[in-house]
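Residue-level listing of the chains:
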Amino acid sequence: MTLNSNLLAPHTPTSREELWRFTPLAKLRGLHDLDVALSSRVSLGTSQTQAGVTLTIVDSLDAPQTSTTDDLVSMRVRELATKVLRVEISANTEVSAPIFLTRSVESLDPEVSRTEIRLGANSRATIVVENIGSMTLAEEIEIHLETGSNLTFVSLQEWENDAVHLGHHHAIIGKDATFTSTVITLGGTLVRLLPTVEYAGAGASAELSGIYFATSGQHLEHRIHVDHNLAHAKSRVNYKGALSGDKARTVWFGDVYIRANAEGTDTYEVNRNLLLSDGARADSVPNLEIETGEIVGAGHASTTGRFDDEQLFYLESRGIPANIARQLVIRGFFLEIVSKLGLPEIEERVMNRIEAELEKASV
Amino acid sequence: MSTLEIKNLQVAVSTDEGMKQILRGVDLTIKSGETHAIMGPNGSGKSTLAYSIAGHPKYTITGGSVFLDGADVLEMSVDERAKAGLFLAMQYPVEVPGVSVSNFLRTAATAIRGEAPKVRTWVGEVKEAMAALNMDPAFAERSVNEGFSGGEKKRHEILQMELLKPKIAILDETDSGLDVDALRIVSEGVNRVKDSNDIGVMLITHYTRILRYIKPDFVHVFAAGRIVEEGGAELADKLEEKGYAEYISA
Ligand SMILES: Nc1ncnc2c1ncn2[C@@H]1O[C@H](COP(=O)(O)OP(=O)(O)O)[C@@H](O)[C@H]1O
Ligand SMILES: [Mg+2]
């Protein structure tokens, strides 16, 4: 299942297909359905201006993709998007303040959106995509990191409860470039994201982390794909999820593919899920395919379980009441990833939202 | 003046083969200012005694009673026991990822004291207590016990005891895994808390070496789930010489 191997013909996916068998297609409002018309709109934008950052809206014909995809919805996005938001960071520029790209649509009519992010050689930036409000969205973000560049990319799913969001975020990481991505999925009734990575030069590095918290009725799906298509690249994948409430549902796939020519690959992936109540279900499938033994390291881990009684006992034995002990453990579980962002404002926002959700779920 | 009164305590754990009786009638009374050493071979049930008093859910009380100043400890939840004045320094302190030591200590102190400590005095209090235990201030920002060495974990336990000021402290093999310097620092910490707060101490240990630093008033020999011999500090010297052999065969 590599990115290039099955360039299948566009069609409406069914739940009999491996890539779609976990997704409740009926809830997609036609995003996947070739018989349903989707409108095209550049729904991301920013009010900021910063030196070294250029935003333009270009015709899709002037922004052809350089990657292939086997995701049927991404194919639709590519076909139907008429305009593309292009974000460019000038070479040799360090953009100090985070760039916030925010959705500004309040409509549940299904629509597509395309974004292109380009980091010039030896540039450095932080880009935060804020998905807020209510939408039925299929989107693709293609990210190019030129030699020696460094991007911290945050995709925040802070949707209202009725949002449906299918997304494909593909990074092409150049020589000695570093891509650090954090996906935070809290809102939406159905969110299915595909963070994918390929490499364009040795010394390239990808750090893909994420958190998700599903409460009653939410389906949150993340399918990571790292294609070690050349030698001496590095990847780290670390996703953590919690589930609470009846029919809370998460799906996590981590496909790491080390090709025959990818000597010196260094990769490790881990997914941890915390089940906070009965009736919730988490699927976790790490998958490592290795075609060469000449690597630095490759490993994976996956756990799904309830609270650690020993942790709770330890905290309670210090006088901390059981409910506060549970909150501390959950907070800590997520904070391990969120605090690494180095963005205190986002950290506080995300932790507040998690706390509010926990309160509602009365964990 | 506080009194912890353990009477005929019987405790079992559930195993794959069914319930297994571990404590077979423990009687022990500890008062403020007293230090009781509990000494016994591995597997004799010392940790079971400590955990049962603290309320670990794994252990089932099958008989007997535990009272602290007349209040029924076995009826209390785990956090209520701590608020009542019990403290357990664990043999194997637990790692809690993502929860910083400073947040943990403050949350615990708030719970035990019934109100949040004043920020300004609190920071100083923690710093001072850490310095006294030779702990790097950087520990405050690390996750609870995560990546701590054995000795660092034990110091962290005593730090908590110092800040939470219990009435009765149970120290479960606080000496194990410590080198001589760490043993001295940790012991001094225990003595400091003992002297300034007049607490009662149950000092569980396998070896006599910690008793050179923390002087016991009473020594109880523990074997097969009960106290089999009692005496003063001189009993420890006998154990040092002869070991536990006579108690195990008994
Ligand atoms: N959860 C458990 N399941 C089975 N056996 C246990 C469990 N916990 C303790 N035990 C057994 O109880 C006995 C006493 O253990 P413990 O209290 O840890 O002894 P000590 O602290 O004196 O070394 C041992 O034989 C131990 O194997
Ligand atoms: Mg023990």
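Numbering of residues starts from 1 in every chain and runs along the sequence as written. Numbering of ligands from 1 and lettering of chains from A proceed in the order in which they are written. Given that this is a predicted model, residues contribute local features only at a pLDDT of at least 70 and side-chain atom pairs are listed and counted only at 80 or more, while totals for whole chains, interfaces and linings are drawn from all residues. Excluding hydrogens and water, the side-chain values take into account all heavy atoms of the structure.

Quick look at the overall build of chain B
How we decide: Each helix corresponds to a stretch of at least 4 residues labelled H or I by DSSP, and each strand to a stretch of at least 2 residues labelled E; elements are numbered beginning at the N terminus. The size measure is the radius of gyration over C-alpha atoms, and the globule rule it meets is 2.2 Å times the number of residues to the 0.38 power. The buried label applies to any residue whose accessible area, calculated with a 1.4 Å probe on protein chains only, is under 20% of its type's maximum; exposed applies above 50%, and partly exposed to all values in between. What makes two residues a contact is simply this: any of their non-hydrogen atoms within 4.5 Å. Accessible areas in this description were obtained via Shrake-Rupley with a 1.4 Å probe; residue shielding takes into account the shown protein chains only. Positive charges come from Lys and Arg, negative ones from Asp and Glu, while His and the chain ends are left out of the count. Here the site of a charge means atom NZ of a Lys, CZ of an Arg, CG of an Asp or CD of a Glu.
In terms of regular secondary structure, chain B is built from 8 helices and 12 strands. For chain B, the C-alpha radius of gyration of 18 Å lies close to 18 Å, the compact-globule estimate for 250 residues. Principal-axis analysis of the C-alpha atoms places the extent of chain B at approximately 55 × 40 × 40 Å. Here chain B holds 250 residues, and 55% of them are scored as buried. Looking at chain B alone, contacts between residues at least 24 apart form 70% of all its contacts between residues at least 6 apart. Surface exposure of chain B reaches about 10,800 Å², of which carbon and sulfur atoms provide 49%. Of the side chains in chain B, 28 bear a positive and 36 a negative charge, and the two mean positions are spaced by 2 Å.

Quick look at the coordination of the magnesium ion (ligand 2)
When a metal holds four donors in a tetrahedron, each ideal angle between them is 109.5 degrees; when it holds six in an octahedron, the ideal angles are 90 or 180 degrees. The line we're drawing: Ligating atoms shown are N, O and S within 2.8 Å of the metal, or 3.2 Å for Na, K and Ca, and water is not included, meaning a site may look less than complete.
Distances from the magnesium ion (ligand 2) to its protein donors, B:Ser47 (OG) and B:Gln91 (OE1), fall at 2.1 to 2.3 Å. In this pair, B:Ser47 sits in helix 1 (residues 46–54) while B:Gln91 sits in the loop between strand 6 (86–89) and strand 7 (96–100), placing the two residues 44 residues apart along the sequence.

Topic: the site of ligand 1
Residue and element names in this part refer to chain B. Rule in force here: If a single non-hydrogen atom of a residue is within 4 Å of a molecule or strand, that residue counts as near it. Grid points spaced at 1 Å and placed over the protein atoms alone form the basis of the search, with a cavity being a set where a 1.4 Å probe fits but cannot get out and a pocket an open set showing protein on both sides within 12 Å along at least five of seven lines. Lining residues have an atom within 4 Å of a point. Placement in a cavity or pocket follows one criterion, namely that more than half of the molecule's atoms lie within 2 Å of its grid points.
Ile22, Gly43, Lys46, Ser47 and Thr48 are the nearest of the 14 residues found near ligand 1. In this structure the site holding ligand 1 corresponds to the second largest pocket. Only strand 1 (3–15), strand 2 (18–31) and helix 1 provide two or more residues apiece to the shell around ligand 1. The element best represented in the shell around ligand 1 is helix 1, accounting for 3 residues.

Overview of empty space enclosed by the protein
Here is the rule: Grid points are joined across faces, edges and corners, and a volume is the space filled by probe spheres set on the points. Residue classes follow a fixed rule: Ala, Val, Leu, Ile, Met, Phe, Trp, Tyr, Cys and Pro count as nonpolar, while Asp, Glu, Lys and Arg count as charged, and any other residue, Gly among them, counts as polar.
The tally for this structure, following the rule as stated, stands at 5 cavities of 30 Å³ or more. Of the pockets and cavities examined, the second largest cavity occupies roughly 60 Å³. Taken together, A:Ser317, B:Ile53, B:Ala54, B:Val78, B:Arg81, B:Ala82, B:Leu86, B:Phe87, B:Leu88 and B:Ile170 make up the lining of the second largest cavity. When contributions to the lining of the second largest cavity are tallied by element, the ones reaching two or more residues are helix 1, helix 2 (78–84) and strand 6 of chain B. Taken together, the residues that form the lining of the second largest cavity break down as 8 nonpolar, 1 polar and 1 charged.

Digging into the sheet that holds strand 15 (residues 234–244) of chain A
Residues and elements named next belong to chain A. Stated formally: Should DSSP find at least two bridges between two strands, the strands are taken to pair. In this description, a line fitted to the C-alpha atoms serves as the axis of each element, helices being fitted only across the stretch in contact, and the angle between N-to-C directions of two axes falls anywhere from 0 to 180 degrees.
Taken together, 9 strands build an open sheet; the order of strands is 2-5-7-9-11-13-15-17-19 and the sheet is mixed. Of all the strands in the sheet, just strand 2 (44–45) and strand 19 (297–305) have a single pairing partner and so form its edges. Examined bridge by bridge, strand 9 (residues 150–159) and strand 11 (residues 178–185) share 8 bridges and lie parallel to one another. Opposite Leu151, over in strand 11, you have Phe179 as the bridge partner. Docked against the sheet, helix 3 (residues 322–338) engages strand 11, strand 13 (205–215), strand 15 and strand 17 (266–275), running at close to 155 degrees with respect to strand 15.

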